[in-house]
Amino acid sequence: MGQYILKRLALVIPVLIGVTLFAFLLIHLIPGDPARIILGERATEAQLEQIRERLGLNDPLYIQYLNFLKRLAQGDLGRSAISNNPVTAELKKRYPATIELTLAAMLLAIIVGVPAGIISASKQYSLFDHISMVLALLGVSMPIFWLGLMLIWVGSLVLGIFPPSGRLGVEITLQSITNFHIIDSIITGNWVALKDALWHLVLPGLALGTIPMAIIARMTRSSMLEVLKQDYIRTARAKGVSQRLVIYKHALRNALIPVVTVVGLQFGLLLGGAVLTETIFSWPGVGRLIYDAIMARDFPVVQSTILVIATTFVFINLLVDITYAYLDPRIKYN
Amino acid sequence: MRRTSLVLTLVALLVISLAGTTMAAKKGGTLIFGRGGDSVGLDPANVTDGESFKVTRQIYDTLVQFKRENTEVIPGLAHSWDVSEDGKVWTFYLREGIKFHDGTPFNAEAVKFNFERWMYEDHPYHIGGDFAYWGYMFGGYPGIVDHVEAVDEYTFRVYLKEPLGPFLNNLAMPCFGIASPTAIKKYGEDFFKNPVGTSAFIFEEWVRDDKIVLRANHDYWGEGPYLDKLIFRSIPDNSARFIELQAGTIDIADGLNPDDVEFIKRDPNLKLYLRPSMNVGYLAMNQMKEPFDNVLVRRAINHAINKEAIVEAFYAGLAQPAKNPLPPSVWGYNDNIEPYEYNPAKAKELLKEAGYPNGFTADLWAMPVPRPYMPDGRKIAEAIQADLAVIGIKTNIVSFDWGTYLQKTEAGEHDMALLGWTGDNGDPDNFLYVLLDKDNAKVGSAGNIAFYKSDELHELLIKAQQSSDKEERTKLYMKAQEIIHQDAPWVPIAHSTPPIGAKAYIKDYIPHPTSAEKLNQVWLDK
């Protein structure tokens, strides 16, 4: 097991180098002079030159790349070209917001998706199976934008229960320690803030969790059905093992392997890709940071954020692989 | 006797009813302002975006300021000023007894520190950004300003190398808000997130992309503030922001979808405001190319385009059709200009007179990005294409990505191009000189993308630039607009008036054309 993890880790290094190269080149592939886009209609030649100089755009590409790597090695993600704000400090605040939202969404998705899939599989073609699979199909194809607005409309305007957006009510103050609102409010014993933070998670969590929930339900069902057809299940049944035990002890563990993959992939995707949800719910996370940065051609922010997201994704994949090995000891690196 | 008492009663009644219409402002409460984007930074000298100025306007004062409803200049931190005969030395007399939010005194030395920080690139606190607006408004670092001087504790003087007509309007811009020198030294590069000024609200907290919280400055030198707290929230999605306004989680929402305007009109709890325009969207005809060097052709095109229909269809009616390059909220606007009426027959006749009875073919460049002055460049180009086809002018619509578009139009590669402008300082010079003077028709870096070169206009604009007499300047700009109208380098299309929704209990809120209004006089009637 230890050796397996080491080998997987070694494989991560070339991937990360590739990621830095990709993050660096990506921005140079977008058409248009970034200095001109940053300045817009009122650019003067002197100002254009000033910005190009500050962003280091006058150097040859490979020098720019080496400088980029050098800064990275020192743990410096640079400063925003627009606001001059240090990217590292910004990410320290943004990432917890995105992780909190992603965890809430995945929690919802797993709690509902996995049981729904299991029940559907064990009662194939039952009414429950039909209904949950139709819902899952709807969930997969739901436009998040529309769903988010509907959730806000129903949840906060019609029912008046949930706050429409943001992470915390404007009148609530919370001391920032980890920037995870849930953790911070527990550490400081601020129960009002805890309740408010949880309340704020419901609508965006639902919006973000719907698609993974549907995917997980469908995946669990099909994977479960496949396992249930295997010989060893038939043998177990022939031995007289109860249906409950067959499903939860014998079938589930094997059926979960592809589900874990999906959960891992979805988790990684949500961490970097919650742009729509974060926009609709005014959630100050990484998705909005990168979206705004791309729109403003804010090079340093785009590069660093892509890099951090991709790195996270790589490590989540690594975790998924390790979980495989744990779930099925036969999986080995070769 | 009886008569007198009757009169007295009537007078008393009149007074009471008048008092009823102008309610006394109530103190207290929190106002939450919902907008689409967050501020870039709160050091006004180092930002250029409207969302930053919306907030810095509340924290900092300027030496002179704009009137609440237009761009006329009135006293600010300086209660009065005078200018030397040659227009090069400006003396400002400062209000006494004002303190910055950090308790340090406001005086001529503080003003001098701010000016020198903006204008000298080697100043130790010329950091945290590019000081873009200083360079832009004063022509470099130090640019047109020779030096500044603190004459005594409350007298401050600016020495210019040349007279500068728009000088006062420049100083009223939110980017020249006076900040606490102590705070600038204390925070250095991080001053942009620790702003300290003298105005009605004190900075409290900023959670990026979420909210900026300000609290009342009870020692404010001007009127108010009536609010205890003022919070700016960024809610990027227009529909979500509007739902929040309806739900009451915000009190004012700007950047509304045009469709939501109807809902506001119907809802007694909400009130619709239209922000006076400070912009212009236009079609520039490139005079370096045939046949646009012919004034008859340019006038024909002016007659051929149906601006009312464009405003109705693509600005959802939330704009005024334009007849001048200047928007009406800027002083000096010439309302006597008779616009070229929409008249295809007349347009055809003019074309014939110009020697193009069968029309011609040309490229029509469409802006690739939405701007307040041009919500959908592509669709507006299509409407213009259809209008021009009627008089026989065939057009091919051309577009590029935004950076390339700007670069190529500045280089004059287009025949006709859509573009626009949002004013900076509310001075006519900022529209007329920047966009239409021959000085700015340089290939490669043109602001005047019609490449319109009129010596007569140039003379007027330069004269106005060098005068510090507002009355004289007004006359010059009135005349300038007549010349521009005659020469028709553009088809001015529209001045957009963005809608703002607010709760009905918000009182004394007046949106400013610069999109950064001071909220010290706003109060809540609830």
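Preceding block: the structure.
Residues numbered from 1 in each chain as written. Chains lettered and ligands numbered in written order. Predicted model: local features only at pLDDT ≥ 70, side-chain atom pairs only at ≥ 80, totals over all residues. Heavy atoms only, no water.

A. View of the overall build of chain B. When its secondary structure is counted, chain B shows 16 helices and 21 strands. Its C-alpha atoms give chain B a radius of gyration of 25 Å, within 12% of the compact-globule value 24 Å for 526 residues. Principal axes of the C-alpha set define a box for chain B whose edges measure 75 × 60 × 60 Å. Put simply, chain B has 526 residues, and 59% of those count as buried. Looking at chain B alone, contacts between residues at least 24 apart form 69% of all its contacts between residues at least 6 apart. When the accessible surface of chain B is summed, it comes to about 20200 Å², and 51% of that surface belongs to carbon and sulfur atoms. Each charge sign in chain B was given a centre, from 54 positive and 72 negative side chains, and these centres are 5 Å apart. (Helix = DSSP H or I, 4+ residues; strand = E, 2+ residues; numbered from the N terminus. Rg over C-alpha atoms; globule rule 2.2 N^0.38 Å. Buried < 20%, exposed > 50% of the residue type's maximum accessible area, 1.4 Å probe, protein only. Contact = heavy atoms within 4.5 Å. Areas by Shrake-Rupley, 256 points an atom, 1.4 Å probe, with all protein chains shown as cover. Lys, Arg positive; Asp, Glu negative; His and termini not counted. Charge placed at Lys NZ, Arg CZ, Asp CG, Glu CD.)

B. Representation of the overall build of chain A. Helices and strands together make up the secondary structure of chain A, namely 14 helices and 0 strands. Along the chain direction, N to C, the helices and strands of chain A fall in the order α-α-α-α-α-α-α-α-α-α-α-α-α-α. For the C-alpha atoms alone, the extent of chain A along its principal axes is close to 85 × 55 × 40 Å. Counting across all 334 residues of chain A, residues that qualify as buried make up 51%. In chain A, the share of contacts with a sequence separation of at least 24, taken over all contacts with a separation of at least 6, comes to 72%. Looking at chain A as shown, the accessible area adds up to about 16300 Å², and 69% of this sits on carbon and sulfur atoms. Treating the 28 positive side-chain charges of chain A as one cloud and the 20 negative ones as another, the clouds have centres 12 Å apart.

C. Quick look at empty space enclosed by the protein. All names here are of chain B. Here the structure, examined in full by the defined rule, presents 2 cavities of 30 Å³ or more. Empty space within the largest cavity amounts to approximately 110 Å³. As for the largest cavity, its lining consists of 14 residues, of which K323, I484, H485, W490 and P492 are closest to the centre. Contributing elements (two or more residues each) for the lining of the largest cavity: α16 (470-487) and β18 (490-496). (1 Å grid on protein atoms, 1.4 Å probe; cavity = no way out; pocket = protein on both sides within 12 Å on 5 of 7 lines; lining within 4 Å. Points joined across faces, edges and corners; volume = space filled by probe spheres on them.)

D. View of unusual backbone geometry. Residues and elements named next belong to chain B. With an omega dihedral of 0°, the bond running from Y141 to P142 counts as a cis peptide bond. Within the fold, P142 resides in the loop between α4 (132-138) and β6 (145-152). Between G224 and P225 the backbone carries a cis peptide bond, its omega angle lying at 0°. Mapping P225 onto the fold places it in the loop between β9 (211-216) and β10 (229-234). Despite not being glycine, F131 has its phi angle at roughly 50°, a positive value. Assignment of secondary structure puts F131 in the loop between α3 (108-119) and α4. Residue D508 is not a glycine yet carries a positive backbone phi of 60°. With respect to the helices and strands, D508 occurs in the loop between β20 (506-507) and β21 (523-524). Owing to a relative accessible area of 43%, D508 belongs among the partly exposed residues under this scheme.

E. Inspection of the nonpolar core at higher detail. Core analysis: the biggest nonpolar cluster contains 150 residues, and F92(B), F115(B) and I301(B) have the highest contact counts within it. Ranked by residue count, the leading element in this core is α3(B), at 7 residues. Counting 65 residues, the second-largest nonpolar core is a separate cluster that includes Y65(A), I172(A), A255(A) and L307(A). (Core = buried A, V, L, I, M, F, W, Y, C linked by side-chain atoms within 4.5 Å.)

F. Structural view of helix α7 (residues 144-158) of chain A. In this model α7(A) runs 20 Å from its N-terminal to its C-terminal C-alpha over 15 residues, within 8% of the 21 Å that 1.5 Å per residue would give. Within α7(A), burial applies to I144(A), L147(A), G148(A), L149(A), L151(A), I152(A), G155(A) and S156(A). Along its buried surface, α7(A) packs onto α9 (191-228) and α12 (275-280) of chain A together with α7 (238-247) of chain B. Remark: G160(A) follows α7(A) within two positions and exhibits a positive phi of approximately 65°. (Expected span 1.5 Å × (residues − 1).)

G. A look at the interface of chain A and chain B. Taken together, the contacts link 37 residues of chain A with 43 residues of chain B. Together chain A and chain B conceal approximately 3500 Å² of surface at their shared face, both sides included; 53% is due to carbon and sulfur atoms. Our enumeration of links across chain A and chain B arrives at 4 salt bridges. R288(A) is the partner of D209(B) in a salt bridge, and the nearest nitrogen-oxygen pair spans 3.4 Å. The tally of links between chain A and chain B comes to 5 residue pairs in polar contact (both at pLDDT 80 or more). Elements with a minimum of two residues in the side of chain A that touches chain B: α2 (34-39), α3 (45-55), α5 (87-122), α7, α12 and α13 (286-295) of chain A. Here the side of chain A that touches chain B is built from residues that sort into 14 nonpolar, 14 polar and 9 charged. (Buried area = accessible area lost by both parts, 1.4 Å probe. Salt bridge = Lys/Arg side-chain N within 4 Å of Asp/Glu carboxyl O. Polar contact = N/O pair within 3.5 Å; in protein donor to acceptor, adjacent residues only side chain to side chain. Nonpolar A, V, L, I, M, F, W, Y, C, P; charged D, E, K, R; others polar.)

H. Focus on helix α2 (residues 50-59) of chain B. With 9 of its 10 residues buried, α2(B) lies for the most part within the structure. Among the residues of α2(B), those classed as buried are E51(B), S52(B), F53(B), K54(B), V55(B), T56(B), R57(B), Q58(B) and I59(B).

I. Local environment of the layout of surface pockets. The volume enclosed by the second largest pocket comes to roughly 950 Å³. Those elements giving two or more residues to the lining of the second largest pocket turn out to be α3 of chain A together with α4, α13 (402-410), β17 (416-422), α14 (429-436) and α15 (455-466) of chain B. Residue contributions to the lining of the second largest pocket peak at 5 residues, all from α14(B). Looking at the lining of the second largest pocket residue by residue, the classes come out as 19 nonpolar, 15 polar and 8 charged. A domain-level breakdown of the lining of the second largest pocket finds at least three residues from each of domain 1 (62-179) and domain 3 (279-496) of chain B. (Domains from an automatic or database assignment.)

J. Representation of the sheet that holds strand β16 (residues 394-398) of chain B. Residue and element names in this part refer to chain B. An order of β14-β18-β13-β17-β15-β16 is seen for the 6 strands of this open sheet, with the pairing classed as mixed. Both edges of this open sheet fall to β14 (319-321) and β16, since each of them pairs with a single strand only. Across the sheet, the axes of successive neighbouring strands diverge by a mean angle of 25°, strand direction being ignored. Two elements, strand β13 (residues 279-285) and β18, share 4 bridges in a ladder whose sense is antiparallel. Directly across from A284, in β18, lies its bridge partner W490. Packed onto the sheet, α13 meets β15 (361-365) and β17 and runs at close to 105° relative to β17. On top of the sheet, α14 reaches β13, β17 and β18; it is set at about 150° to β17, its chief contact. (Pairing = 2+ DSSP bridges. Axes fitted to C-alpha atoms, helices over the stretch in contact; angles between N-to-C directions.)

K. Region of the structure containing the sheet that holds strand β19 (residues 499-503) of chain B. Residues and elements named next belong to chain B. If you walk across this open sheet you meet the 7 strands as β8-β9-β10-β1-β11-β19-β12, and the pairing is mixed. The strands lining the two open edges of the sheet, one partner per strand, are β8 (201-207) and β12 (270-274). Neighbour-to-neighbour, the strand axes of the sheet open up by a mean angle of 20°, direction not taken into account. Of the strand pairs in this sheet, β8 and β9 are connected by 6 bridges, and their pairing is antiparallel. From the neighbouring strand, F201 faces β9, where its bridge partner is A216. Relative to the sheet, helix α8 (residues 258-266) contacts β12 and β19, its axis offset from that of β12 by approximately 130°.

L. The pattern of salt bridges, seen in detail. Using the criterion set out here, one finds 33 salt bridges over all chains in the structure. A salt bridge links D415(B) to K289(B), with the shortest nitrogen-to-oxygen separation between them at 3.7 Å. Of this pair, D415(B) sits in the loop between α13 and β17 while K289(B) sits in the loop between β13 and α9 (295-304), and the two are 126 residues apart along the sequence. Among the residues examined, K289(B) registers a relative accessible area of 28% and is labelled partly exposed. Taken together, the shared-partner salt bridges connect E90(A), R94(A), R288(A), R208(B) and D209(B) into one network.

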